[in-house]
Amino acid sequence: MPSWRESADDLASQCDNPFGDVWLLEMDGFRIVGRTTVQEQAPPWGWTAEERSEPALYLNTSVTDPAVRHLGPGTLMAWWAVDRAAREGRAWVRRDCLWPDLVRYYETQGFTLFHEVERTKYRLYMLGRRAERIDGLADRFRAGTPSRPGAGR
């Protein structure tokens, strides 16, 4: 899939996002292996008024280090958001993306494709997942391979 490498300055500038917070995923206490932006509201496009009125967290610009892909940092960030949303009493975690391959990847994390919308010159895929508590989340990743919530219980 296309890389964010050419967009590093844009990603860094999003740390000053007044509508959300940028979260970093560290490995070994010093190496950043992922980042995502968490907002409390979805953008006004792509979701119905009823969907926007439901309490949700909205993820965007999630990026991970491909050198640690085998550890599942993107899945860890997504499941962290699902767990956090549930702990905050929210019903959903929503996100969008530009590429069908990314839709398939997010579906492996439990997200469902809800809408496809044209936005400026892009087609956006709008996905969501019900919030739920994911007990033992950190333990799922210590072995180096994430397991789906509910798997092996």
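Residues numbered from 1 in each chain as written. Predicted model: local features only at pLDDT ≥ 70, side-chain atom pairs only at ≥ 80, totals over all residues. Heavy atoms only, no water.

Student: I would appreciate a short explanation of the overall build of the protein chain in the present structure.
Tutor: Along its length, the protein chain carries 5 helices and 6 strands. Along the protein chain, from the amino end to the carboxyl end, the secondary structure elements read α-β-β-α-β-α-β-α-β-β-α. Once local pairs closer than 6 in sequence are excluded, the contacts in the protein chain between residues at least 24 apart make up 60%. A total of about 9,000 Å² of accessible surface is found on the protein chain, and carbon and sulfur atoms cover 51% of it. (Helix = DSSP H or I, 4+ residues; strand = E, 2+ residues; numbered from the N terminus. Contact = heavy atoms within 4.5 Å. Areas by Shrake-Rupley, 256 points an atom, 1.4 Å probe, with all protein chains shown as cover.)

Student: I would appreciate a short explanation of the nonpolar core in the present structure.
Tutor: Where a protein is soluble and globular, its nonpolar side chains tend to be buried together. Counting 19 residues, the largest nonpolar core has Val-93, Cys-97, Tyr-106, Phe-111 and Leu-127 as the members making the most contacts within it. Of all the secondary structure elements, the ones that give two or more residues to this core are strand S3 (56-64), helix H3 (73-87), strand S4 (92-97), helix H4 (100-108) and strand S6 (122-130). Broken down by element, the residue count for this core peaks at 5 residues, all from H3. If we ignore the near neighbours within four places in the chain, the residues touching Phe-111 are Ala-78, Val-82, Val-93, Arg-95, Tyr-106, Leu-127, Gly-128 and Arg-129. Among the nonpolar cores identified, the runner-up in size contains 5 residues, and Tyr-58, Val-117, Leu-124 and Met-126 belong to it. (Core = buried A, V, L, I, M, F, W, Y, C linked by side-chain atoms within 4.5 Å. Buried < 20%, exposed > 50% of the residue type's maximum accessible area, 1.4 Å probe, protein only.)

Student: What exactly am I supposed to notice about the packing of aromatic side chains here?
Tutor: Between two aromatic rings, the relevant description is the distance of the centres plus the angle of the planes. Evaluated as defined, the whole model comprises 4 aromatic pairs. Seen in terms of ring centroids, Trp-47 and Phe-114 are 6.3 Å apart; in terms of plane orientation they differ by 55 degrees. Their pairing is tilted. Here Trp-47, found in the loop between strand S2 (31-39) and helix H2 (49-53), pairs with Phe-114, found in strand S5 (residues 112-119); they are 67 residues apart in sequence, far enough to count as distant. By relative accessible area, which is 37% here, Phe-114 ends up partly exposed. Considering the side-chain rings of Trp-92 and Phe-114, the 5.6 Å spacing of their centres and the 85 degrees angle between planes classify their relative orientation as edge-to-face. Taken together, the positions of Trp-92 in strand S4 and Phe-114 in strand S5 put the pair 22 residues apart, joining distant regions of the chain. (Phe/Tyr/Trp six-rings, centres within 6.5 Å; stacked < 30°, edge-to-face > 60°.)

Student: In this structure, what is going on with unusual backbone geometry? I would like to understand it.
Tutor: Backbone geometry follows two general trends: most residues other than glycine have a negative phi, and most peptide bonds adopt the trans configuration. Here Asp-28, not a glycine, exhibits a phi torsion of approximately 60 degrees, which is positive. Examined against the element boundaries, Asp-28 turns out to sit in the loop between strand S1 (20-27) and S2. Given a relative accessible area of 63%, Asp-28 falls into the exposed group. Phi is positive for Thr-61, close to 45 degrees, though the residue is something other than glycine.

Student: Please explain H4 as it appears in this structure.
Tutor: In an α-helix, one full turn covers 3.6 residues, which means residues spaced three or four apart are oriented alike. Along H4, the positions that sit buried rather than exposed are Leu-102, Val-103 and Tyr-106. Seen end-on, H4 carries its buried residues on one side only, within an arc spanning 105 degrees. Elements that come into contact with the buried residues of H4 comprise S3, S4, S5 and S6. Positive phi shows up at Gly-110, right after H4, with a value of about 95 degrees. (Arc of directions from axis to C-beta.)

Student: Is there a simple way to think about the pairing of S2 in this case?
Tutor: Here is the key point about a regular strand: its side chains alternate between the two faces of the sheet. For S2, the tally of buried residues reaches 7 of 9 residues, placing the bulk of the element in the interior. Sheet analysis places S2 next to S3, joined by 5 bridges and oriented antiparallel. Across the sheet, the residue bridging to Gly-34 is Thr-64, located in S3. (Pairing = 2+ DSSP bridges.)

Student: I keep staring at the pattern of salt bridges and nothing clicks. Help me out?
Tutor: Working definition: two side chains of opposite charge can pair if their charged atoms are close together. For the structure shown, the criterion picks out 12 salt bridges. A salt bridge links Glu-88 to Arg-90; its shortest N-O distance comes to 2.8 Å. Among the charged side chains, a network of salt bridges with common partners joins Glu-40, Arg-84, Glu-88 and Arg-90. (Salt bridge = Lys/Arg side-chain N within 4 Å of Asp/Glu carboxyl O.)

This is a description of form; function is not addressed.
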